[in-house]
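Chain by chain, the residues:
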Amino acid sequence: MPSDARMLIAIRVVVVTTLLLAALIIQYTVRELLPINYLYTTAAITYGLTLVYIGVGYAASRKINLIIQVAGDLVVETVLVYFTGGLDSPFSFLYLVSIITASMLLYRRGGILSASGAVILYGVLGDLMLYGVLPLPEQSWFIPTPWTSSRLYLNMATNFAGFYATALLTSYLSEKLQKTSEELDANRQNLAELRALNQNVVESIPSGLITLSPDGVATFINPAGCLLLRREAHAIIGRPIAQLGFYAEGEWDEFRHTLTGGSVIRREKHDVAIGDELRTIGFAVTPLNTIEGAASGYTLIFQDLTDMKTLEAELRLKDRMAAVGELSAGIAHEIRNPLAAIAGSVQVLKKSTALNPQEQRLMSIILKESERLNKSIADFLRFVKPQEKRPAEFDIAASLAETLDLLRNSPELTATHTIEDEIVPPSYTIVGDSDQIRQVFWNIARNAVQAMPNGGTLRVTTAPAADHYNITFSDNGRGMNDADQRRLFQPFRTNFPTGTGLGMAISYRIVQEHGGRIEVVSHENAGTSITVSLPSSAATMRNAVA
Ligand code: ADP
Ligand code: MG
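Quick caveat, the model's predicted, so the values are computed rather than measured.

### Things to note about the environment of Met1
Residue placement: Met1 occurs in the segment before helix H1 (3-30). Placed 60 residues apart in sequence, Met1 and Ser61 show a C-alpha to C-alpha distance of 8.1 Å. Filtering out sequence-adjacent residues up to four positions away, Met1 remains in contact with Arg6, Ile9, Ile54, Gly57, Tyr58 and Asn65.

### Overview of the site of ligand 1
Lining the immediate environment of ligand 1, one finds 20 residues, of which Asn447, Thr494, Asn495, Gly501 and Met504 sit closest. In this structure, Asn447 approaches ligand 1 through a side-chain N or O atom, which is 2.7 Å from an oxygen atom. Within the backbone of Gly501, a nitrogen or oxygen atom sits 2.8 Å from an oxygen atom of ligand 1. Taken together, the elements giving at least two residues each to the shell around ligand 1 come down to helix H11 (434-450) and helix H13 (503-513). With three residues, H11 is the single largest residue contributor to the shell around ligand 1. Tallied by class, the residues present in the shell around ligand 1 amount to seven nonpolar, 10 polar and three charged.

### A word on the domain arrangement of the chain
Size of an interface, as often reported, equals the accessible area lost when the parts are brought together. In terms of domains, the chain is made up of domain 1 (3-182), domain 2 (205-304), domain 3 (310-384) and domain 4 (392-545). Taking only C-alpha atoms into account, the centre of domain 1 sits 71 Å from that of domain 2.

### Here's the deal with the side chain of Thr170
With respect to the helices and strands, the residue Thr170 is situated in helix H5 (residues 149-204). Judged by its relative accessible area of 14%, Thr170 falls in the buried class.

Calculation rules
Residues numbered from 1 in each chain as written. Chains lettered and ligands numbered in written order. Predicted model: local features only at pLDDT ≥ 70, side-chain atom pairs only at ≥ 80, totals over all residues. Heavy atoms only, no water. Helix = DSSP H or I, 4+ residues; strand = E, 2+ residues; numbered from the N terminus. Contact = heavy atoms within 4.5 Å. Near = heavy atom within 4 Å. Polar contact = N/O pair within 3.5 Å; in protein donor to acceptor, adjacent residues only side chain to side chain. Nonpolar A, V, L, I, M, F, W, Y, C, P; charged D, E, K, R; others polar. Domains from an automatic or database assignment. Buried < 20%, exposed > 50% of the residue type's maximum accessible area, 1.4 Å probe, protein only.

Have a look at this one:
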């Protein structure tokens with residue numbers, strides 16, 4: 001049963017019961033037979049009807065339910081009005097109660113219908129009584145005033161106007177209330193959805209988001225922001241944003257100036273201290289406005305760009321090396337052929353007996369230098385056009401140990417040099433071209449020795465990871481400045497007296513083709529640490545070659 005129909009039944013029962021009890025109490029205290037039997041009659045009718053309403057309540061719709069109840073009430077009210085004197089009855093106001101109920105629950109149509117019902121019932125009752133069709137009730141308390149038709153019609157007219165006015169006014173208000181509450185519900189729903197969306201967006205974007213008060217104090221940070229900054233939200237909220245290291249103290253005023261001009265600020269900041277690392281952070285600051293357009297602070301969106309920057313630098317290097325490689329391979333070939341001719345001719349001339357020792361020496365220099373040049377070109381061509389790889393399983397730990405032994409016995413190593421190694425495990429199999437990998441080890445280790453002209457220690461350690469094998473070469477030689485470090489893998493950049501500047505370029509290429517990486521950490525006059533990381537799986541190698 002609809003709740004308002006049930007409520008109506010309950011209220012009616014309570015009212016009727018109260019009335020009944022009051023009548024009983026009066027009757028027993030006054031101990032005088034009052035002419036209020038009609039009250040018992042109406043109470044009995046109402047109780048009877050209540051049972052009907054409950055029955056109907058489970059069978060019919062809300063509307064039918066309410067209509068039947070209001071109609072029943074109107075009939076009972078008419079009976080009451082009849083018993084209490086018709087036009088003289090003080091109970092005709094009860095019609096208004098029913099009309100108000102109908103208007104409130106069934107709106108305008110219900111109001112008009114109930115008012116019309118009341119008009120018909122009341123009108124017919126009045127007419128029937130006036131023309132004597134219905135006798136005046138015997139037990140009337142009320143001394144009836146003489147009934148005239150003009151009095152009847154005046155009375156009816158005022159009552160009817162009252163009924164309709166009440167119906168229209170109440171239903172109007174009730175409809176309005178209904179509409180407002182529907183709108184409110186819709187708005188509340190919208191607001192809830194909006195808030196949920198907002199929450200979702202803010203919580204789930206991968207970028208950091210901080211909102212700032214107009215004077216640059218953090219008022220909110222999203223979870224991604226906390227993760228990126230490696231700090232808890234409470235350590236950020238309430239702090240001036242300058243303390244986060246995104247910009248220097250004075251910059252904020254400049255920012256604010258730009259922002260009030262309506263522009264957005266986008267910056268990249270290097271070396272922002274996060275945890276115990278220095279990272280590159282990209283951020284954008286935009287003014288935050290209220291719906292009315294008033295400035296209420298700023299939003300700061302940021303991202304950690306460090307990894308992206310590293311990747312970018314790697315790609316740029318790869319690109320440049322490809323370009324340099326192609327261009328110079330052509331030139332190298334052009335040099336090689338005349339060089340062979342020159343060397344050949346000098347070889348023949350050198351055999352001639354007509355040369356004095358001085359001339360013989362010069363010829364030897366030409367031969368030695370052209371041999372060196374030829375070797376450089378051969379190295380270079382190997383770099384641009386790497387030989388066919390023969391990937392196979394091999395013991396990378398053993399290869400490393402052998403290469404270091406070779407270096408220990410090379411003439412470049414003096415008594416002031418020490419090579420320490422800690423190769424664990426002593427045997428580790430990966431897939432790759434063992435000759436080329438040896439070449440990489442040789443190039444890097446030899447550089448380390450060359451970087452320590454006054455002696456020092458080269459320390460080689462290994463670290464097998466889940467699917468990688470990492471080898472680190474650390475020396476305490478002269479190190480590199482930032483510029484040298486950036487150019488380390490570029491061909492023909494050399495600072496060593498007998499260098500060609502190709503060793504690292506070739507190594508880079510080989511490692512790249514094996515699907516690995518080289519990482520460099522170097523400090524000028526302190527030393528260099530180079531880590532080669534090679535994947536142990538065959539799949540990577542095949543992909544890298546393809
Ligand atoms: P080359 O050895 O023929 O000069 P490389 O490509 O092997 O060419 O090295 C390029 C340059 O990088 C070297 O000339 C040197 O300036 C620098 N370099 C390489 N390794 C080291 C190191 N361990 N310490 C300092 N500088 C280094
Ligand atoms: Mg070298």
